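Given next are the chains, with one letter for each unit.
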Amino acid sequence: MIRAPRIPSARLGALCATSGVVLLMLPGVVWAALGVELMAMAFWLWARAMPERAEPMARWSWLRRPAMALWLACALFMALPELRQMYAPVVGHGPSSPFGVPSFVPAPLPVSRDPMALLRTLAALAVLWAGLELMAALPLSRPFPDLTGPVRSLGPWLTALLPVTGFLVLWRQAELWTTAPFVREVATVTLLLAALLAALRAYTRRSLTASLRWLVVFDCTLASMLVARGVVPGEIAALLWLGSAGGRLIALAAELRGQAVRRGAQLTRLWRWAGWLACSALAWPLLYDVGFGDGRFHPLEFAVLMSAVFVASLLWLQRVVEAPERRAVARPEDRVPLISRVAAIAVLLAGPLSLAWVWKRVMTDPLTALIALVPMALAWWPIHRARVVPEPTEPEPPAGPGTRDFALNTFRAVTVVERQMAGAIAVVARLLGAPARDLHSGDAQEYLLFLVGVAVLSLLLPLLR
């Protein structure tokens, strides 16, 4: 008897993750749901392959929630085609099925005459929920960038892959949630808070690996805000995100493979400039739009976003320093890796070239554009020349409260308040859903009553339309 070849769980998980990312690049909401489902399956397979698999499997079981939210949105659009009647399809942008490009423009239909407005908002919130939770922008998934993935060698890098998944969901499904005004405002406020908390948390982490994971979350939130506010076209927002977040991912992978981006003073300076320019190109149009978008100055929004951008830029400039040489005799070919230099040049050019395409369209006032550039420029003020700074091997003795303690306490206070609010909402939801759970408690006779109730509801729904 010939046995079929057995594929290792690690390789099968890598295949699922790669397939999930490819599906997320497709425009339909069904493909997004399948992509997130495959990503959750990849983490499940990786956790299942570990020696002690109970804890990792329970730790990453929350990845099913974003997939369920996307399936809910997909079911609403497929089961109720009337949800699309208040939108007119754009000519030349493909079909309007869930597998196609859902490109629509709002029609002048009053909300009072639209009985499907609530369901449309629910579908948009489901898509937004999936993207935000994958980007650690919700209380239920806020701590995951502090964890390592369920693979020993690539665990820290795999965690940074989840916010990338969240941005791809929000970017490719932008037409489904940015057209709803309420959902768009919720997304803007949530992403602004997530960007600030990601920058603060990255500042509190002492290792470069942990800081890079939170900086990837920061880049994804900024790019999602560009999509939510419509500052730049979607393709330009994706290119700006690719330059900034892609550079962090490359630096994180190189940090796990012998600190390849920090070998030598010249390569370190090149990567420092590349990461700063990419982040500046991503944050500059957003700062301009948030602070001076509609012809007047918004001090609160600009201050919050400016603080987050300043902290993120400062972290990159201070943490990317030349790695100490541990060999007695350094080999010349290891000092300046060709791949790291090519990647740094690509990151250096990606953001500014993408921003140059929309310079005249976005930043019409040169003075306010220079003001929006101030946070990134101020990050260079405390920076000295590149020097070898050994990473701490032992915990430093406490030296009194400082800025890092303030950032850590702020992050913890916000997360505690978020968990309490989420717990209160869950209690209210359980109380309101108690009558629905009482319809069927598992008994066979009560199951017939449950089916009768569902049948009556199916008869009443067409009348309620």
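We now turn to the structure provided with this report. (Residues numbered from 1 in each chain as written. Predicted model: local features only at pLDDT ≥ 70, side-chain atom pairs only at ≥ 80, totals over all residues. Heavy atoms only, no water.)

## What to know about the pattern of salt bridges
What counts, and what does not: Each reported salt bridge corresponds to a side-chain nitrogen of Lys or Arg within 4 Å of a carboxyl oxygen of Asp or Glu. By the criteria applied, helices consist of DSSP H or I runs no shorter than four residues and strands consist of E runs no shorter than two, each listed in order from the N terminus. Residue burial is assigned from relative accessible area. The probe radius is 1.4 Å, only protein chains are included, and a residue is buried under 20% of its type maximum, exposed over 50%, and partly exposed in between.
A full pass over the atoms with the stated rule returns eight salt bridges. Note that Arg 59 is salt-bridged to Glu 55, the shortest N-O span being 3.0 Å. Placement of both Arg 59 and Glu 55 in helix α3 (residues 54–59) is noted, with a separation of four residues, approximately one turn of the helix. Judged by its relative accessible area of 32%, Arg 59 falls in the partly exposed class. For Glu 55, a relative accessible area of 51% translates into the label exposed. With a closest N to O distance of 2.5 Å, Arg 65 and Glu 133 form a salt bridge. Of this pair, Arg 65 sits in helix α4 (residues 64–79) while Glu 133 sits in helix α5 (residues 117–134), placing them 68 residues apart in sequence. Residue classification places Arg 65 among the partly exposed residues on the basis of a relative accessible area of 30%. The buried category is assigned to Glu 133, whose relative accessible area is 0%. Ionic contacts of the salt-bridge type, sharing partners, join the residues Asp 146, Arg 201 and Arg 205 into one network.

## Some thoughts on the nonpolar core
Put simply, the rule reads: By convention a nonpolar core is built from buried Ala, Val, Leu, Ile, Met, Phe, Trp, Tyr and Cys residues, the set being connected through side-chain atoms within 4.5 Å. Residue contacts are defined here by distance: any two heavy atoms, one from each residue, within 4.5 Å place the two residues in contact.
Of all hydrophobic cores here, the largest spans 132 residues; its most connected members are Phe 167, Trp 177, Phe 218, Leu 222 and Trp 271. Looking at this core, the element that brings in the most residues is helix α12 (residues 265–292), giving 16 residues. Apart from the residues within four sequence positions on either side, Trp 271 is in contact with Gly 247, Ile 250, Val 261, Trp 316, Val 320, Ser 340, Ala 343, Ala 344 and Val 347.

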